[in-house]
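The residues making up each chain are set out below.
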Amino acid sequence: TAPSVLAALIGQGIGPSLTPPLHELEGQRHGLRSIYRRIEFHAEQDGPADLARLLDFARRTGFDGLNITYPAKQTVLPLLDELAPSAQMIGAVNTVVFDGERAIGHNTDVTGFRASLDDALGGTGCGRVVLVGAGGAGSAVAHALVMRGVQSLTVVDVDAERAAAVCHSVQESHGFTAASAHPEDLPALTAAAEGIVNATPFGMAHHPGAPFSAELITDRHWVADVVYRPVDTVLLQAARKAGALATPGTGMAMHQAADAFEIFTGRTADRSAMLADLNAL
Ligand code: NAD
């Protein structure tokens, strides 16, 4: 029989996630029998003991690995035997790989956003960056930006505590001092920046529009969105119209899945084919 890869996504409300088909299609390209399941995990009714049981069963059933999303990315930390540097720096895990009895945590949101920036900017530096949104995705973006050598980073969130927590996290992990700011500071901040990243849910169907006035974008900027459904968000449309470089969230979504596939299988993912799959799904 052909070799196989067996994995699953654990999280809440993951029905629409495109990660399962992305993994299955990539596995098939490698001639693998490829099965990727969804396991619903609810914040209100499931706790750390349930997650521990799921991990144990997955390992004993022969799963190669798991992806973990909201609300379990931090709950899973104490259940693991080892953390890769990507997970350690951010204090959150989105990928677990089983190595015999051991469960090892990685964070491919961090590596995935970094890879998408490499695609967009090539050898060019990030410059001074304003990051809008300091939730789970924003935190991954902040660490990726610092790892890529951002010149300065300002984290903006309507919730000041969240912005401060992301700054604290990059200080602790990298010794990098980022600033936190309020949305009303955005005109001055964007005027003094080269890069702008949206890591709020604005742009998705149920959060229509942009998180800030698109008039702040000029042709000096590069603009990255983490939202990838729709691919062409209101923000990216405005960025393109202003003559800015516009980077869709599909890059991060594809690279996080490709990095996880490589961790699960030890094979090299075909990233352009995965991006084509994502755009076609
Ligand atoms: P989250 O709820 O944890 O964080 C969103 C943050 O944005 C919150 O802290 C909120 O206070 C802040 N915010 C909302 N409106 C704002 C505004 N107008 N100005 C400033 N801050 C504002 O959500 P999350 O899990 O970080 O996800 C955010 C988005 O990222 C979602 O749309 C999700 O689909 C997307 N995402 C994409 C990828 C990818 O691979 N491309 C990966 C993860 C998440």
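Residues numbered from 1 in each chain as written. Predicted model: local features only at pLDDT ≥ 70, side-chain atom pairs only at ≥ 80, totals over all residues.

**Brief notes about the overall build of the chain**
So, step 1. The helix and strand inventory of the chain stands at 10 helices and 12 strands.
So, step 2. The globule rule puts the C-alpha radius of gyration for 281 residues at 19 Å, and the 19 Å found for the chain is close to it.
So, step 3. In terms of overall dimensions, the chain has C-alpha extents of about 60 × 35 × 35 Å along its principal axes.
So, step 4. Considering the chain as a whole, with its 281 residues, one finds that 50% of them fall into the buried category. (Helix = DSSP H or I, 4+ residues; strand = E, 2+ residues; numbered from the N terminus. Rg over C-alpha atoms; globule rule 2.2 N^0.38 Å. Buried ≥ 20, exposed ≤ 12 C-beta atoms within 10 Å, placed from the backbone.)

**Looking at the site of the ligand**
So, step 1. What surrounds the ligand is a group of 28 residues, the closest being Gly133, Gly135, Ala137, Gly249 and Ala253.
So, step 2. Two domains each provide a minimum of three residues to the shell around the ligand, namely domain 1 (4-106 + 252-280) and domain 2 (110-248). (Near = placed C-beta within 6 Å. Domains from an automatic or database assignment.)

**Description of the pairing of strand β2 (residues 33-40)**
So, step 1. With eight bridges connecting them, strand β1 (residues 4-11) and β2 associate as parallel partners. Each bridged residue has a counterpart across the sheet, and for Val5 the counterpart in β2 is Ser34.
So, step 2. Where the polypeptide runs from β1 across helix α1 (residues 19-29) and back to β2, its parallel neighbour, the crossover connection is right-handed. (Pairing = 2+ DSSP bridges. Right-handed = clockwise from strand over helix to strand, strands pointing away.)

**A short note on the environment of Val150**
So, step 1. By the secondary structure assignment, Val150 is in the loop between α5 (136-147) and β8 (152-156).
So, step 2. With 22 C-beta atoms packed within 10 Å, Val150 lands in the buried category.
So, step 3. With 21 residues separating them along the chain, Val150 and Val129 place their C-alpha atoms 7.1 Å apart.
So, step 4. The residues touching Val150, leaving out its near neighbours within four places in the chain, are Cys126, Val129 and Leu145. (Contact = placed C-beta atoms within 7 Å.)

**Notes on the domain arrangement of the chain**
So, step 1. If you check the domain split of the chain, you get domain 1 (4-106 + 252-280) and domain 2 (110-248).
So, step 2. Computed over C-alpha atoms, the centres of domain 1 and domain 2 are 25 Å apart.
So, step 3. Across the contact, 13 residues belong to domain 1 and 15 residues belong to domain 2.
So, step 4. Looking at the side of domain 1 that touches domain 2, the elements that each hand over two or more residues are α3 (85-90) and α9 (250-265).

**Quick word on helix α4 (residues 108-121)**
Structurally, the α-helix is built with 3.6 residues per turn, so residues lying three or four positions apart point the same way.
So, step 1. For α4, spanning 14 residues, the distance from its first C-alpha to its last is 19 Å, which sits close to the expected 20 Å at 1.5 Å a residue.
So, step 2. By the criterion of burial, α4 is predominantly enclosed, with 10 of the 14 residues buried.
So, step 3. Burial in α4 covers these residues: Thr108, Asp109, Val110, Thr111, Gly112, Phe113, Arg114, Ala115, Ser116 and Leu117.
So, step 4. Within two residues after α4, Gly122 carries a phi angle of roughly 60 degrees, on the positive side. (Expected span 1.5 Å × (residues − 1).)

**Observations concerning unusual backbone geometry**
So, step 1. Following Tyr70, the chain continues to Pro71 via a peptide bond in cis, the omega torsion being 5 degrees.
So, step 2. Residue placement: Pro71 occurs in the loop between β3 (65-68) and β4 (82-83).
So, step 3. A cis amide bond, omega 5 degrees, links Arg229 with the succeeding residue Pro230.
So, step 4. Mapping Pro230 onto the fold places it in the loop between β11 (222-225) and α8 (234-241).

**Looking at the sheet that holds β8**
So, step 1. Pairing is parallel in the open sheet, where six strands are placed in the order β9-β8-β7-β10-β11-β12. For this open sheet the edge positions go to β9 (179-181) and β12 (245-247), each flanked by a neighbour on one side alone. Ignoring which end each strand starts from, the neighbouring axes of this sheet average 20 degrees apart.
So, step 2. As paired elements, strand β7 (residues 128-132) and β8 share five bridges and run parallel to each other. Bridge assignment links Val132 to a residue of β8, and that residue is Val156.
So, step 3. Across the face of the sheet, helix α6 (residues 160-174) comes into contact with β8 and β9 while running at roughly 170 degrees to β9. (Axes fitted to C-alpha atoms, helices over the stretch in contact; angles between N-to-C directions.)

**Concerning the environment of Pro71**
So, step 1. For Pro71, a count of 17 C-beta atoms within 10 Å translates into the label partly exposed.
So, step 2. As for Pro71 and Gly47, which are separated by 24 residues in sequence, their C-alpha atoms are 9.9 Å apart.
So, step 3. With residues up to four places along the chain from it excluded, the contact list for Pro71 reads Gln12 and Ala43.

**Details of helix α2 (residues 48-61)**
So, step 1. Here α2 spans 20 Å end to end across 14 residues, near enough to the 20 Å set by a 1.5 Å rise per residue.
So, step 2. On its buried face, α2 sits against β1, β2, β3, β5 (95-99) and β6 (102-106).
So, step 3. In the segment just after α2, Gly62 is the residue with positive phi, at about 95 degrees.

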